[in-house]
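Architecture at a glance
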Amino acid sequence: AGDTAQQLMESNDFKSWDQVLSAVGRDHIEVSPLNVSYRSTYEIARVARAVLGPLAPEEPLVAVRDGVPPELFVFDERGEAFTFLADALRSLTDEEPTASVAVLCRYPAHVEEAWNALSRAELPSLHKVEDYDFRFAPGIEIAEIRAAKGLEFDYVVVLHADAAIFPEDNSSRHHLHVAITRAAYQCWLISVGNASTLLPDWMPVRSLV
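Residues numbered from 1 in each chain as written. Predicted model: local features only at pLDDT ≥ 70, side-chain atom pairs only at ≥ 80, totals over all residues. Heavy atoms only, no water.

This paragraph deals with the packing of helix α3 (residues 78-95) against helix α4 (residues 108-119). Contact pair α3 / α4: the axes reach a minimum separation of 10 Å and the direction vectors enclose 65°. Note on packing geometry: the crossing formed by α3 with α4 is right-handed. Between α3 and α4, the contacting residues are Arg78, Phe82, Leu85, Ala86 and Leu89 on the first element and His110, Glu113, Ala114, Ala117 and Leu118 on the second. Here the residues of the contact of α3 with α4 sort into seven nonpolar, one polar and two charged. (Axes fitted to C-alpha atoms, helices over the stretch in contact; angles between N-to-C directions. Helix = DSSP H or I, 4+ residues; strand = E, 2+ residues; numbered from the N terminus. Left-handed = near helix turned anticlockwise from the far one by under 90°. Contact = heavy atoms within 4.5 Å. Nonpolar A, V, L, I, M, F, W, Y, C, P; charged D, E, K, R; others polar.)

In structure tokens, the structure reads:
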């Protein structure tokens, strides 16, 4: 069992389950992919699949529930982005104190940046994840995408969803796909400047430049 789209190790030469079965002498076995999204809503899974582009499976997407569409927020400066995010997270935690929230970044430097900015806002239950030490409790976790692989959160914020951090390559497609699919109910993507072209042009955008 596994999802090839969740691959984050660039050195991993895994291509397909058919390839693996052939290598172990079991190429007569038929692979039956699971294409149902049980974690995320249809709207979240649809954006995540669009991000995969040519890497996406051909089978139709099926999800067990619907929800609100993910949103892209575009800012002119990082300070403005973090001010907005701090206010939004405070409102969310006030309204839903039992919710789990992940703020996900592709690189460690961005985790530090987010921690420094959001900790000054004195948000309740804010935690920077180090060495995979997720709390698995209500609150806000700031972590690398790689560390969050396989986990689930009620809400996910993907920081730096811009063209410089997520260019058009397979590694970026996998990272962005994994980040988006950590969300069970809602996903926000925040970009400073030009958003990543991996994001579909039909998703809702709020330009706050």
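That shown, we press on.
With that settled, consider the nonpolar core. Within the largest apolar cluster, 31 residues are counted, with the highest numbers of intra-cluster contacts made by Leu104, Phe134, Val156, Leu176, Ile180, Leu189 and Leu199. At the level of secondary structure, the elements contributing two or more residues to this core comprise α2 (42-52), β3 (71-75), β4 (100-105), α5 (145-148), β7 (153-158), α6 (170-180) and β8 (183-192). When neighbours within four sequence positions are excluded, Leu189 is seen to be in contact with Pro70, Glu71, Leu72, Phe73, Val158, Ala161, Leu176, Ile180, Leu199 and Met203. In this structure, Ala81, Ala114, Leu118 and Leu126 belong to the second largest nonpolar core, which totals 25 residues. (Core = buried A, V, L, I, M, F, W, Y, C linked by side-chain atoms within 4.5 Å. Buried < 20%, exposed > 50% of the residue type's maximum accessible area, 1.4 Å probe, protein only.)

Contact geometry of α2 with α6 gives a least axis separation of 8 Å together with a crossing angle of 175°. As summarised for this structure, α2 and α6 are arranged roughly antiparallel, according to the angle between their axes. Judged by residue contacts, Ile44, Val47, Ala48, Arg49, Val51 and Leu52 of α2 engage Arg173, His174, Leu176, His177 and Ile180 from α6. Looking at side-chain class alone, the contact of α2 with α6 contains seven nonpolar, two polar and two charged residues. (Parallel < 35°, antiparallel > 145°, perpendicular 65-115°, else oblique.)

Before going further, it helps to examine the pairing of β8. Within β8, seven of the 10 residues are buried, leaving the element largely enclosed by the surrounding structure. Of the pairings in the sheet, the one linking β3 to β8 comprises five bridges and is parallel in character. Note on β8: the bridge partner recorded for Val74 is Ser191. Where β7 and β8 come together, five bridges link them in parallel fashion. By the bridge assignment for β8, Tyr155 is matched with Gln186. (Pairing = 2+ DSSP bridges.)

So, about the sheet that holds β7. Strand order in the open sheet formed by seven strands is β5-β6-β4-β7-β8-β3-β9, with parallel pairing between adjacent strands. Among the strands making up the open sheet, the edge pair consists of β5 (126-128) and β9 (205-207). The average undirected angle you get between the axes of adjacent strands in this sheet is 20°. Looking at chain direction, β3 and β9 are connected through three bridges and run parallel. Note that in β9 the partner of Val74 across the bridge is Ser207. Here α6 sits on the sheet in contact with β4, β7 and β8, set at roughly 130° to β8.

Purely geometric stuff here, so don't read any function into it on its own.
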